[in-house]
Amino acid sequence: MKQSMEKNSVGIAILGFGVVGSGVAQVLEKNREQIWRKASTWIEVKYILDVKDLSATPCAACAVRDLDPILTDSRVDIVVETIGGVEPALEYTRRALAAGKSVVTSNKELVAEHGAQLMKLAQEKGVSYLYEASVAGGIPLLHPIKQCLGANCIQEVRGILNGTTNYILTRMFRDRLPFGDALFEAQTKGYAEADPTADVEGIDACRKICILASLVSGAHVAPASVPCEGIRSVTAADVAYAASAGYKIKLLGRALMEEDGRIRAYVAPHLLPSEDPLCCAEDVFNAVVVRGDAVGDVMFYGRGAGSLPTASAVVSDILEVLREKDMPKDVDWTVTPAKEPSANTPLLSRWYIRIPSDPEQLRQKLGQVTFLSRQGGGPEESALLTEEMDAKRLQQSLSGLGSYTAFRVLED
Ligand code: HSE
């Protein structure tokens, strides 16, 4: 067995041995036999590249600080990039692809910003650049959209794409925990990014909806072009008002394909009816609804963050690289920017508003509204649900009334 094992093996290198990179090594070790049966080859971790000193760890034998030995080692076919961020991940990925290694990644920032050029480079070199783990962690989502839903025109993707903010909103809703305590818990559990700003401000969800929007449109939807609002503006009062009317507040990424081929993508907190299927995603769980013109709505649900769930997606991409080894490579989207929505087709919705203004004035400005109440709510503020309107009309109606909170209400 040992002899055949050595002959029949594929070497990999893991760049970045943090939460996800160490999870990849753990899954490969834990499910070694099972993975061998699927891949018909053993998968051996030959190198681990990290800035940390790994000399006192079980990985010491394969620890390196430099990419060169990995690139020149012909036994390494696949590079796992779990460094995160743009640099040095971009440079390392380019060099690995240029050296004829396939790369699999969990790095949403890199894929959202530079995925198109990296896929093109991979195609030119006849290798793969796969990124299933970059969106919704362990949930199989990108391959099912590409393959199983390939017969459909995708009309919309909407989802809870960030585990940390979902965890925070869940704890605020269910246990009335203050925002800061819930964030601290999410960080200690390893869900939040090192700098949780990316989670809390919606930037992480924005990168993920950009990847999804690029994938379904075939053109690059750049994060800088996508309106993005996080959850800092969500207060305990908003959570209580929403609950009083049977809604939960969830941070959603949405990508809508418009009939003229334009893509509307954005990230913002929304009120969802408690019975909406997406509301079953609590704590760190993610859920994504994909609407196809033939299939209708399909929902994907599972763990969107954490070491082993994300590693599950990375390792499945390693298996995919081996499966598609001799097949022609494709790019999922081009570097050409996607067409942005036209101002003539605004997005309509009902809105939740909390504003320090009196009800009569609001009725005059907004027409038909439904006022909400909560325990402890005083006369100094009003909370209400509007009828359907676009963002511009809402802004015009409320101008001069002081600062207010506004979230879209999403009802099918
Ligand atoms: N910080 C991210 C989240 C990790 O909370 O979803 C997975 O991308």
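Definitions and limits used
Residues numbered from 1 in each chain as written. Predicted model: local features only at pLDDT ≥ 70, side-chain atom pairs only at ≥ 80, totals over all residues. Heavy atoms only, no water. Near = heavy atom within 4 Å. Polar contact = N/O pair within 3.5 Å; in protein donor to acceptor, adjacent residues only side chain to side chain. Helix = DSSP H or I, 4+ residues; strand = E, 2+ residues; numbered from the N terminus. Nonpolar A, V, L, I, M, F, W, Y, C, P; charged D, E, K, R; others polar. Buried < 20%, exposed > 50% of the residue type's maximum accessible area, 1.4 Å probe, protein only. Lys, Arg positive; Asp, Glu negative; His and termini not counted. Salt bridge = Lys/Arg side-chain N within 4 Å of Asp/Glu carboxyl O. Contact = heavy atoms within 4.5 Å. Pairing = 2+ DSSP bridges. Axes fitted to C-alpha atoms, helices over the stretch in contact; angles between N-to-C directions.

### Details of the site of the ligand
Around the ligand sit Lys108, Asn162, Gly163, Thr164, Tyr191, Ala192, Glu193, Asp199, Asp204, Lys208, Gly304 and Ala305, and that is every residue in its neighbourhood. Contact between the ligand and Asn162: an oxygen atom at 3.5 Å from a side-chain N or O atom of the residue. For the ligand, an oxygen atom lies 2.6 Å from a polar atom in the side chain of Thr164. Breaking the shell around the ligand down by element, the ones donating at least two residues are helix H8 (163-174) and helix H11 (203-217). Grouping the constituent residues of the shell around the ligand by class yields three nonpolar, four polar and five charged.

### Quick word on the side chain of Asp390
Here Asp390 lies in the loop between strand S14 (382-386) and helix H15 (391-398). Lys392 is the oppositely charged side chain nearest to the buried, salt-bridge-free Asp390, at an N-O distance of 7.2 Å. A polar side-chain atom of Asp390 sits 2.9 Å from the main-chain amide nitrogen of Lys392. A polar atom in the side chain of Asp390 sits 2.9 Å from the backbone nitrogen of Arg393. Not counting residues within four places of it along the chain, the set of residues in contact with Asp390 comprises Pro346, Leu347, Leu348 and Trp351.

### Let's talk about the sheet that holds strand S11 (residues 296-303)
Pairing in this open sheet of nine strands is mixed, and the strands run S11-S10-S7-S8-S9-S15-S12-S14-S13 from one edge to the other. Across the chains shown, the open sheet's two edge strands, defined by having one partner strand only, are S11 and strand S13 (369-372). On average, each strand axis in the sheet is inclined to that of its neighbour by 30°, with strand direction left out of account. When strand S7 (residues 154-160) meets strand S8 (residues 247-257), the two strands line up antiparallel, connected through four bridges. Opposite Val157, over in S8, you have Ala255 as the bridge partner. Sheet strands touched by helix H12 (residues 236-244): S8, strand S9 (263-273), strand S12 (350-355), S13, S14 and strand S15 (405-409). Its angle to S12, the strand with the most contacts, is close to 135°. Across the face of the sheet, H15 comes into contact with S12, S14 and S15 while running at roughly 30° to S12.

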